[in-house]
Each structure stands twice: as structure tokens, then as C-alpha cells.
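Chain by chain, the residues:
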Amino acid sequence: MAEQTTSSIVVDAPPADVMSVIADFEAYPEWAKGVTVADVVSTFGPEQDGRAEQVFFKLDVSPIKDEYTLAYEWDGDREVTWTLVEGKMLRSLDGAYVLRDLGGSTEVTYRLALDVSIPLIGMLKRKGEKILIDTALKGLKKRVESR
């Protein structure tokens, strides 16, 4: 994985509840800022709880407006990782949600490394990653805790 940005947040819910929100891609436009479309393209079989294997997204978060497909790998309610299958503006997008059970609450760590086809100074790219991560973590926390 390329140079990445990482951030964590504690969600007041068990890991299974957090992962069920992460795995509910169709609901992303309701809570994930900038995601206008999230369509599951393919799913794994029952051994992976029928979770998404590939998901198509439309994203509109300045300065990134793109359509892309991600491939997912699931490790129960402990971790999910993803990589870019194809995108227009994105050249690579690798990330993960890592969940740690704190006994009634869950520490969620989000790792993200992205590369875009337009030149961006490393500092600007890291700042963009940080904004995406912080927004995603806050949205996830709010969504899980409001259920």
C-alpha cells in the first residue's frame, strides 16, 4: 500500500453493528458525504455473509468528482479492505476499516491511500485524505449510534 493517512474514532456500539452499517452500501448516499451513488455490482456467497465483492460509486467531494468501482475483502466483523478496480480520475484507492472491540464500544480505524490522475502536491493529497477520512468516520459514528 502507498503512503497512507490513518485516523480512528470510538463508536458507541459493538463491532457487528458498526460493520453492518459499513456493509450497507445502498444507504451510503444517506450518510456518507459526497457519495451520490453506491451500487453493489457483485456479492460473495454465504461464507462471507453475502457481503459486497465489488461496488460502483459516484463521488462528488471537491476537488474529486469521480465514478469508480472498488473490490472488497472482508474479515468477519474485524476488518474490511478495498482496492480500486477502475476509476476515471482516481488511479489508485486502497483503504480499510479496522474494528477493535472495546467491550460495548468499538474503535474504528480508517486507513486510506489514494492517487489521482491530476498532479497534486503530496501535502494537498494528504489533506484531502484526512478530510475524507474524518468525514467518513464522523458520518459512520452518527449513523451507527442513531440506529
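Presented here is a report on the structure given in the accompanying data block. (Residues numbered from 1 in each chain as written. Predicted model: local features only at pLDDT ≥ 70, side-chain atom pairs only at ≥ 80, totals over all residues. Heavy atoms only, no water.)

The next thing to look at is the packing of aromatic side chains. For any pair of aromatic rings, the description rests on two quantities: the centre-to-centre distance and the angle between the ring planes. Evaluation of the coordinates by the stated rule reveals 12 aromatic pairs. On the basis of an interplanar angle of 20° and a centroid distance of 5.9 Å, the ring pair of Tyr72 and Trp74 is categorised as stacked. Side by side, Tyr72 and Trp74 carry an identical accessibility label, which is buried. A centroid spacing of 4.6 Å and a plane angle of 55° characterise the contact between Tyr97 and Tyr110, whose relative ring orientation is tilted. Residue Tyr97 is located in strand E6 (residues 90-101), and its partner Tyr110 is located in strand E7 (residues 106-116); the two are separated by 13 residues in the primary sequence. For Tyr97, a relative accessible area of 5% gives the class buried. Judged by relative accessible area, Tyr110 falls into the buried class, the value being 9%. These aromatic residues form a ring-pair network of at least three members: Phe25, Tyr28, Trp31, Phe57, Tyr68, Tyr72, Trp74, Trp82, Tyr97 and Tyr110. (Phe/Tyr/Trp six-rings, centres within 6.5 Å; stacked < 30°, edge-to-face > 60°. Buried < 20%, exposed > 50% of the residue type's maximum accessible area, 1.4 Å probe, protein only. Helix = DSSP H or I, 4+ residues; strand = E, 2+ residues; numbered from the N terminus.)

This next bit is on empty space enclosed by the protein. Enumeration according to the criterion identifies 1 cavity of 30 Å³ or more in this entry. Counted as a void, the largest cavity has a volume near 420 Å³. Surrounding the largest cavity, 23 residues form its lining, Val35, Tyr68, Tyr110, Leu132 and Ala136 being those nearest its centre. Put simply, the parts of the chain that give the lining of the largest cavity at least two residues each are helix H2 (28-31), strand E3 (52-61), strand E4 (64-75), E6, E7 and helix H3 (122-145). Of the residues that constitute the lining of the largest cavity, the class distribution is 21 nonpolar, 1 polar and 1 charged. (1 Å grid on protein atoms, 1.4 Å probe; cavity = no way out; pocket = protein on both sides within 12 Å on 5 of 7 lines; lining within 4 Å. Points joined across faces, edges and corners; volume = space filled by probe spheres on them. Nonpolar A, V, L, I, M, F, W, Y, C, P; charged D, E, K, R; others polar.)

This part covers the nonpolar core. Ranked by internal contacts, the top residues of the largest apolar core, which has 39 residues, are Ile22, Phe57 and Tyr97. Every residue in contact with Ile22, bar those within four places of it in the chain, is listed here: Tyr28, Trp74, Val80, Tyr97, Leu99 and Leu140. (Core = buried A, V, L, I, M, F, W, Y, C linked by side-chain atoms within 4.5 Å. Contact = heavy atoms within 4.5 Å.)

In this section: the pattern of salt bridges. All told, the structure shown has 9 salt bridges when counted by the stated rule. Ionic pairing is found between Glu67 and Lys58, a salt bridge with its closest N-O pair at 3.9 Å. The exposure class assigned to Glu67 is partly exposed, which follows from its relative accessible area of 27%. For Lys58, a relative accessible area of 31% corresponds to the partly exposed category. (Salt bridge = Lys/Arg side-chain N within 4 Å of Asp/Glu carboxyl O.)

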